[in-house]
Amino acid sequence: MASSRPADSGGRVPTGRRLTPEARERQIVEGAVAYFAEVGLDGHTRELARRLGITQPLLFRYFPTKAALIERIYEEVYLKRWDPGWEAAVRDRALPVLERFRRFEIDYQRRIDDYAWLRIFVSAGLKGFDLPSRYLGMVRARIFAPLLAGMRAESNLPDPEAQPLAADEFELLFGIHGALVYVGLRSRVYGIDGTADRDAVRAAMLDAALPGLLATHRRVVTAAGSAGAL
């Protein structure tokens, strides 16, 4: 079964069409996103240029290397979709920490449930690009670290300054996070049709995962503290 994807022209325009430099750059970026989402990041710039209806030298005039083009894709597809409001929301102590986690995940997953976002992300990991590690590093530092600190505070556990956050703590959140991402991957990458209401599925998954999270987290922190005392 073919994976679901938006209908698009792959950025194709008639050969010889004159565009302003700004419009040409936009055409290349949008076409590159569509192309690499379809074929993966090992796709060739020569084929991309052909699909765009331009020459490869013209493409390189705007992006001198493939690496430069991929960096622009990272900015366009990933960084521009990052909501700085998430970083404030996960620190909002007016809400219980698990509710902050829930709200972040529902909004975040809706934001990234996109054909290009998911497919380029998977391809980047498979082909050895650092895009996924850089992006997940932001999630770890800006979202999960504050949430874990909040979980410790609500459970009267040591502050991260007294006992640094352990890798196993992050794995608790990444495990739930990854399961939620998989809901979109099934359709966008693997071509397996699931429910049309993915928000409802993710909400149900969070209902199942969150009730025992604080108790499990307490055990992980206590074990890490005991190990560090040896």
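Scroll up a little and you will see the structure.
Each value, and the rule that gives it
Residues numbered from 1 in each chain as written. Predicted model: local features only at pLDDT ≥ 70, side-chain atom pairs only at ≥ 80, totals over all residues. Heavy atoms only, no water. Helix = DSSP H or I, 4+ residues; strand = E, 2+ residues; numbered from the N terminus. Expected span 1.5 Å × (residues − 1). Bend = angle between axes of the 7 residues up to and from the residue. Axes fitted to C-alpha atoms, helices over the stretch in contact; angles between N-to-C directions. Parallel < 35°, antiparallel > 145°, perpendicular 65-115°, else oblique. Left-handed = near helix turned anticlockwise from the far one by under 90°. Contact = heavy atoms within 4.5 Å. Nonpolar A, V, L, I, M, F, W, Y, C, P; charged D, E, K, R; others polar.

Draft legend 1. Summary view of helix α8 (residues 131-154). Helix length check: α8 (24 residues) gives 34 Å between terminal C-alpha atoms against 34 Å at 1.5 Å per residue, within 8%. At Phe144, α8 is deflected by roughly 40°, the largest bend along its length, and proline Pro146 occurs up to four residues later in sequence. Backbone geometry just after α8 places Asn156 at a positive phi near 55°.

Draft legend 2. Representation of the packing of helix α9 (residues 167-188) against helix α10 (residues 198-209) in the model. At a minimum axis distance of 10 Å, the contact between α9 and α10 shows a crossing angle of 155°. In terms of orientation, α9 and α10 fall into the roughly antiparallel class. Between α9 and α10 lies a crossing whose hand is right-handed. Contact residues: α9 offers Ile176, Ala179, Leu180, Val183, Gly184, Ser187 and Arg188, while α10 offers Arg198, Val201, Arg202, Met205, Leu206 and Ala209.

Draft legend 3. Quick look at the side chain of His217. Checked against the element boundaries, His217 lands in helix α11 (residues 213-229). Excluding residues within four positions of it along the chain, His217 makes contact with Leu148, Met151, Arg152, Leu157, Glu169 and Leu172.

Draft legend 4. Region of the structure containing unusual backbone geometry. Even without a glycine there, the phi angle at Asn156 is positive, about 55°. When you line up the elements, Asn156 lands in the loop between α8 and α9.

Draft legend 5. Expanded view of the packing of helix α6 (residues 97-112) against α10. α10 packs onto α6 with a crossing angle of 150° between their chain directions and a minimal axis gap of 10 Å. Taken together, the axes of α6 and α10 lie roughly antiparallel to each other. In the crossing of α6 with α10, the sense of the turn from one axis to the other is right-handed. Here Arg102, Glu105, Ile106, Gln109 and Arg110 of α6 come into contact with α10, specifically with Asp199, Arg202, Ala203, Leu206 and Asp207. Taken together, the residues of the contact of α6 with α10 sort by class into three nonpolar, one polar and six charged.

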